[in-house]
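Observations on the three-dimensional arrangement
Here are the chains, one letter per residue:
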Amino acid sequence: MKVVLFCGGYGMRMRNGTEDIIPKPMQMVGPRPLIWHVMRYYAHFGHKDFVLCLGYGAAHIKNFFLTYQESVSNDFVIRGGKVELLQSDISDWTITFVDTGVESPIGERLRRVRGHLEGEPYFLANYADVLTDAPLDEMIGQFQDSGAAASMMIVPPQSSFHCVDVNSAGEVKNITPVSQLPIWENGGYFVLTPEVFDHLPVGGDLVEDACGALAAQGRLFGYQHHGFWKPADTFKERAELDTGYQQGDRPWMVWERRGA
């Protein structure tokens, strides 16, 4: 399946002021940027045809792949003055780079790459800044069995805050950690059919418009994932992922598992 990656937003919560021009998907986790980790996850499951929806910081993303150095994340031998790679990351990937506008919302970015998805009965989509160890084959299989038009991975609430039940007199009756509430969050991993385009207005949003309309029709499937899932929406979250990488705690790197 083709994989659409939304990587054109400003990423303001990740930027350190207006002088920080590095787009969020290019923020580093270990020796590689976030977008590489997301793409490597999909490639591990055999999905290696990518469509990048570019906007803010497009030049940084293009340059990364135009000057890609395989030796950064692969073993190699220097023999006779030539580098011989023992493995390769992206040599069998197909990457389409599409300018979808700096100000475009997610749904509009998807609309603008529709032509690159012609003939695809299913395709995958991702925000390019969320990492997980979810079993993608199972996610796709359950969605296809459901007969729905779209699917999103959903995860338990990640907030460390507490919800407070209080009456009109200000008397607190109950305090509950958000993580224990019987609700789910959008996890940012989508399996979609072309039917989503029927519900995407110009300038629309993928979740609020398309997924919302399909949910009202009973045509949206939610894949419940209880395993590792972590966004990199802020400096703190990105730093936590990087620390985990440096310490060998890398559950999202499913391609490193023995027998994987």
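Rules of the game
- Residues numbered from 1 in each chain as written.
- Predicted model: local features only at pLDDT ≥ 70, side-chain atom pairs only at ≥ 80, totals over all residues.
- Heavy atoms only, no water.
- Helix = DSSP H or I, 4+ residues; strand = E, 2+ residues; numbered from the N terminus.
- Rg over C-alpha atoms; globule rule 2.2 N^0.38 Å.
- Buried < 20%, exposed > 50% of the residue type's maximum accessible area, 1.4 Å probe, protein only.
- Contact = heavy atoms within 4.5 Å.
- Areas by Shrake-Rupley, 256 points an atom, 1.4 Å probe, with all protein chains shown as cover.
- Lys, Arg positive; Asp, Glu negative; His and termini not counted.
- Charge placed at Lys NZ, Arg CZ, Asp CG, Glu CD.
- Salt bridge = Lys/Arg side-chain N within 4 Å of Asp/Glu carboxyl O.
- Pairing = 2+ DSSP bridges.
- Axes fitted to C-alpha atoms, helices over the stretch in contact; angles between N-to-C directions.
- Expected span 1.5 Å × (residues − 1).
- Arc of directions from axis to C-beta.
- Polar contact = N/O pair within 3.5 Å; in protein donor to acceptor, adjacent residues only side chain to side chain.

1. Some points on the overall build of the protein
- The secondary structure content of the protein amounts to six helices and 15 strands.
- Taken over C-alpha atoms, the radius of gyration comes to 20 Å for the protein, in line with the 18 Å a tight globule of 260 residues would show.
- Over its C-alpha atoms, taken along the principal directions, the protein stretches across nearly 80 × 45 × 45 Å.
- Counting every position in the protein, which comprises 260 residues, the buried fraction comes to 45%.
- Across the protein, the fraction of contacts at a sequence separation of at least 24, relative to all contacts at a separation of at least 6, is 73%.
- Accessible area of the protein: about 12,900 Å², with a carbon and sulfur share of 50%.
- Mean positive and mean negative side-chain charge positions of the protein (22 and 32 charges, respectively) differ by 5 Å.

2. Topic: the pattern of salt bridges
- Counted by the stated rule, this structure contains 14 salt bridges.
- A salt bridge links R219 to E195; its shortest N-O distance comes to 2.5 Å. Here the residue R219 occupies a position in the loop between α5 (206–216) and β14 (220–224), and E195 occupies one in the loop between β13 (185–192) and α5, the gap between them amounting to 24 residues.
- Its relative accessible area of 26% is what places R219 among the partly exposed residues.
- Given a relative accessible area of 23%, E195 falls into the partly exposed group.
- A salt bridge links E240 to K230, with the nearest nitrogen and oxygen atoms 2.6 Å apart. Residue E240 is located in helix α6 (residues 235–246), and its partner K230 is located in strand β15 (residues 229–231); the two are separated by ten residues in the primary sequence.
- Residue E240 is classed as partly exposed on the basis of its relative accessible area of 34%.
- Through salt bridges that share partners, K24, D129 and D233 make up one connected network.

3. Concerning the environment of V29
- As for its position among the elements, V29 is in strand β2 (residues 28–29).
- C-alpha separation for the pair V29 and L5, spaced 24 residues apart in sequence, amounts to 18 Å.
- Once residues lying within four places of it in the same chain are set aside, the contact partners of V29 are L34, H37, R238, L241, D242, Y245 and W252.

4. A few points about unusual backbone geometry
- Look at A128: it is not a glycine, yet its phi comes out positive at around 70°.
- Of note, A128 is situated in the loop between β8 (123–126) and β9 (130–132).

5. Remarks on the sheet that holds β14
- Spatial strand order, β7-β4-β1-β8-β13-β10-β14: seven strands in an open sheet with mixed pairing. A single partner strand is all that each edge strand has here, and the edge strands are β7 (94–99) and β14. Here the average twist between neighbouring strands, direction ignored, is 25°.
- Sitting on the sheet, helix α2 (residues 58–66) touches β1 (2–7), β4 (49–54) and β7, and the angle it makes with β4 is about 150°.

6. Considerations on α6
- Over its twelve residues, α6 runs 16 Å from end to end, which matches the ideal 16 Å to within 8%, given 1.5 Å per residue.
- Those residues of α6 that fall on the buried side of the exposure criterion are R238, L241, D242, G244 and Y245. Viewed along the axis of α6, the buried residues span an arc of 160°, placing them on a single side of the element. Structural note: α6 exposes K236 and Q246 on the side pointing more than 90 degrees away from its buried face.

7. Regarding the side chain of K24
- Of note, K24 is situated in the loop between β1 and β2.
- With a relative accessible area of 12%, K24 lands in the buried category.
- Engagement of the side chain of K24 in a polar contact is seen with the side chain of D129, the distance being 2.8 Å.

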